Amino acid sequence: MKGLREQFADTMLRLGQQDDSLVVMVGDISHGILQPFAKACPGRFFNIGILEPSMVSVAAGFSKQGLTPVTHTIAPFLIERSFEQLKLDFGYQHLAGNFISVGGAFDYAQLGCSHHCYTDVSLMSHLPGSQVFCPGSAEEFDVLFSAEYRASAINYFRLTENPHGVEFDRKDIQPGKIICARTGSEATIVALGPQLKNALAAAEALAKENIDAEVLYVHSVKPFDSDAIVNSVAKTGRVVVVEELSAQDGVYNAVLRAWNGRGKMQSKQLAIDHFIHGYGSYDDLCERSGLSASNIEQAVKSLVHHEVD
Amino acid sequence: MLNKSLRRRIVEIVTRAKEGHIPSSFSIVDVIEHIYGHVLRYDASNPNWEQRDQFILSKGHGCAGLYVVLEKYNLLSADDLANYSLKDGILGGHPDRTTVPFVEASTGSLGHGFPFSVGIAIANKIKSLPGRVITLVGDGECHEGTIWESAHIAANQKLDNLTVVVDWNQSGAQLCPVDDLPAKWAAFGWDVHVFNGHDAADIENAFAKVGKVGKPLALVAQNIKGFGASLTEGHGPWHHRIPNDAEYKELMEVLS
């Protein structure tokens, strides 16, 4: 199965050959796989240097002149380090652009906290006029980016290194829409991006214990498909949200806003609430952070059995 | 002294609104007047003319100096300036390109307008547009890392369509002195020219180099903060001070 970063390079090549406004700028990553784009679209690829805030401001200058910038590097440097540039040079100035990260959450598991990023999705969601996507498969990125990259918006795409492995029909992948990955009646599991894999595994385990869980899959954090949440929770009355984001702000908050004022709902959030010290694989850090299939399973059970902490 | 009337206008609008940076504006108004009067190619009837040159005030707090020049060249109206920093006005204490025609960048936080200008200059090359970009930064602003990141990018990209004007009025030297600011720009690969930013002939000679040196051009202006009135000169409390009635009268007399 193709990785999202490889798909990013392929999508740039395809769209760049059709659209001479597309300009790609990277901060010394992915430059090897982007060489086909660089060769096919001469003068529109820049490995600009290791200077992320300035790279974002330069991209704003591109946008002002009518180009369609794509700016790419590792999430903590592209978003957290450069947030004032995103806020002032894009948000305040009503300019459009595309920001594509790798290394969201703890994808660079073995490199430590300097290369982790838990707040990128929240930060980008704060910008008026932004759209925020966390595709969990190569095809999702291709569909979502192709649909939205020319929108008058600040588009953020967080590319996971750990695709969920589920194939959806392309027509079911729509910006701002949740996909129901499994129907159920007793609890709703809302999974963001790569956590779909764990959510489906948890649902399988729960089924063996006669707990019927529905799995809603989120690739678009903003805009957010509130209707899909409301329709599911109206049926189940219970929701567990699993997201590789800061626990302070993310999909769980969006779910609470969607349901607000509609009556009783039991809910739990599985998210990141501390700096993750220590190393290991992505799966190791999922375990360390409470973002595993068994954690999801236990969270659903605690709601079903009224063991809310 | 150049531009006494523009300096009076700066004092008028800042005093009325009780907002503004008079010394910073006095420091740069002579250079900005020359840029709009003699250097920039623009269409007064079409702020978005694609072929135009662009001026970007990266040290946005000196914007009163920009507004009075835009008014002089009929790119802003007297009504616009009458409402400077007031409710329903389009002109604020820092420039906003989304509301003000001929303002090319929304600035205020230092270190943003310059990399933004680098992007415009690269984009003009990608699109084969003839527009030149002139950006004015402060010497205090040159403490910001993005200034040097962007100086590096511009040199690497061989941006001969980009000029930076450095308002070298020694503001930065008060807290974090730089021993030889022109040498720093030269070390980053820029063509550097030092000039007196309050002298007409020197200003003209400096800007004659724009677009003619085959690489990014740094015009380092030996300016005087608050130049025009002894009251406002220097680096004391006048940085963001509003004249009282007596001071207003004194400034108007000195500048008459």
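Residues numbered from 1 in each chain as written. Chains lettered and ligands numbered in written order. Predicted model: local features only at pLDDT ≥ 70, side-chain atom pairs only at ≥ 80, totals over all residues.

Summing up its helical and strand segments, chain A has 12 helices and 12 strands in all. For chain A, the C-alpha radius of gyration of 19 Å lies close to 19 Å, the compact-globule estimate for 309 residues. If you line up chain A on its principal axes, its C-alpha atoms span 60 × 40 × 35 Å. Each of the 309 residues in chain A was classed as buried or not, and the buried ones make up 54%. (Helix = DSSP H or I, 4+ residues; strand = E, 2+ residues; numbered from the N terminus. Rg over C-alpha atoms; globule rule 2.2 N^0.38 Å. Buried ≥ 20, exposed ≤ 12 C-beta atoms within 10 Å, placed from the backbone.)

If you look at the interface, chain A gives 24 residues, while chain B gives 21 residues. Taken together, the residues that form the side of chain A that touches chain B break down as 11 nonpolar, 9 polar and 4 charged. (Contact = placed C-beta atoms within 7 Å. Nonpolar A, V, L, I, M, F, W, Y, C, P; charged D, E, K, R; others polar.)

To continue, consider the nonpolar core. A:I189, A:V240 and A:V300 are the most contacted members of the largest nonpolar core, which totals 172 residues. With residues near it in sequence (within four places) discarded, A:V300 still touches A:A187, A:I189, A:A202, A:L206, A:I211, A:A213 and A:V240. (Core = buried A, V, L, I, M, F, W, Y, C linked by C-beta atoms within 7 Å.)

What follows is about the packing of helix 1 (residues 4-17) of chain B against helix 9 (residues 245-254) of chain B. Residue and element names in this part refer to chain B. Orientation of helix 1 relative to helix 9, taken along the N-to-C sense of each, is 165°, at an axis distance of 9 Å. As the angle between them shows, helix 1 and helix 9 are arranged roughly antiparallel. The hand of the helix 1/helix 9 crossing is left-handed. Contact residues: helix 1 offers R8, V11 and T15, while helix 9 offers Y248, L251 and M252. Residue composition of the contact of helix 1 with helix 9, grouped by class: 4 nonpolar, 1 polar and 1 charged. (Axes fitted to C-alpha atoms, helices over the stretch in contact; angles between N-to-C directions. Parallel < 35°, antiparallel > 145°, perpendicular 65-115°, else oblique. Left-handed = near helix turned anticlockwise from the far one by under 90°.)

Residues and elements named next belong to chain A. Segmentation of chain A into domains returns domain 1 (4-159) and domain 2 (176-304). Centre-to-centre separation of domain 1 and domain 2, based on C-alpha positions: 27 Å. Counting residues at the interface gives 23 residues for domain 1, matched by 24 residues for domain 2. Put simply, the parts of the chain that give the side of domain 1 that touches domain 2 at least two residues each are helix 6 (120-126), strand 5 (130-133) and helix 7 (138-148). No other element matches the 4 residues that strand 5 contributes to the side of domain 1 that touches domain 2. In terms of residue class, the side of domain 1 that touches domain 2 is made up of 11 nonpolar, 10 polar and 2 charged. (Domains from an automatic or database assignment.)

Let us now look at the pairing of strand 5 (residues 217-221) of chain B. Residue and element names in this part refer to chain B. Of all 5 residues that make up strand 5, 5 are buried, and the element is covered over most of its length. Side chains L217, L219 and A221 project from strand 5 onto one buried face, and the interleaved A218 and V220 project onto a second face that is buried too. The sheet contact formed by strand 3 (residues 162-167) and strand 5 spans 5 bridges and is parallel. Pairing of V164 across the sheet is with A218, part of strand 5. (Pairing = 2+ DSSP bridges.)

Here, the residues flagged by UniProt with the feature "domain: Transketolase-like pyrimidine-binding" (unreviewed entry) are residues 2-163 of chain A. A helix fraction of 42% and a strand fraction of 19% characterise residues 2-163 of chain A, whose end C-alpha atoms lie 9 Å from each other. (UniProt positions renumbered as here; feature names shortened; annotations may be inferred.)

What follows covers helix 8 (residues 200-207) of chain B. All names here are of chain B. Among all positions of helix 8, only I203, A206 and F207 are buried. Within helix 8, the buried residues cover an arc of 90° as seen down the axis, which keeps them to one side. Looking at the buried positions of helix 8, the neighbouring elements they touch are helix 2 (22-39), strand 4 (191-195) and strand 5. (Arc of directions from axis to C-beta.)

As a further point, take the packing of helix 8 (residues 196-208) of chain A against helix 12 (residues 293-304) of chain A. Residues and elements named next belong to chain A. One can describe the packing of helix 8 onto helix 12 by two numbers: an axis separation of 8 Å at closest approach and a directional angle of 55°. Accordingly, the angle class assigned to the pair helix 8 and helix 12 is oblique. Where helix 8 crosses over helix 12, the handedness of that crossing is right-handed. Note on element contacts: helix 12 touches helix 8 through A293, I296, E297 and V300, opposite N198, A199, A201, A202, A205 and L206.

Moving on to unusual backbone geometry. For the bond running from A:K222 to A:P223, omega is 0°, close enough to zero to count as cis. Within the secondary structure, A:P223 is located in the loop between strand 10 (220-222) and helix 9 (226-236). A positive phi angle, near 60°, is found at A:S30, a position not held by glycine. Along the chain, A:S30 turns up in the loop between strand 1 (22-26) and helix 2 (35-40). A:S30 gets classed as buried once you count the C-beta atoms within 10 Å, which come to 22. Within the chain, B:K158 stands out as a residue other than glycine whose phi angle is a positive 55°.

Moving on: the sheet that holds strand 11 (residues 238-246) of chain A. All names here are of chain A. Pairing in this open sheet of 5 strands is mixed, and the strands run 7-9-8-11-12 from one edge to the other. Edge positions in the open sheet fall to strand 7 (179-182) and strand 12 (266-272), since each of these has one partner strand only. With direction set aside, neighbouring strand axes in the sheet form an average angle of 25°. When strand 8 (residues 187-192) meets strand 11, the two strands line up parallel, connected through 4 bridges. The residue bridging I189 from the neighbouring strand is V240, located in strand 11. Packed onto the sheet, helix 9 meets strand 8, strand 9 (213-218) and strand 11 and runs at close to 150° relative to strand 8.

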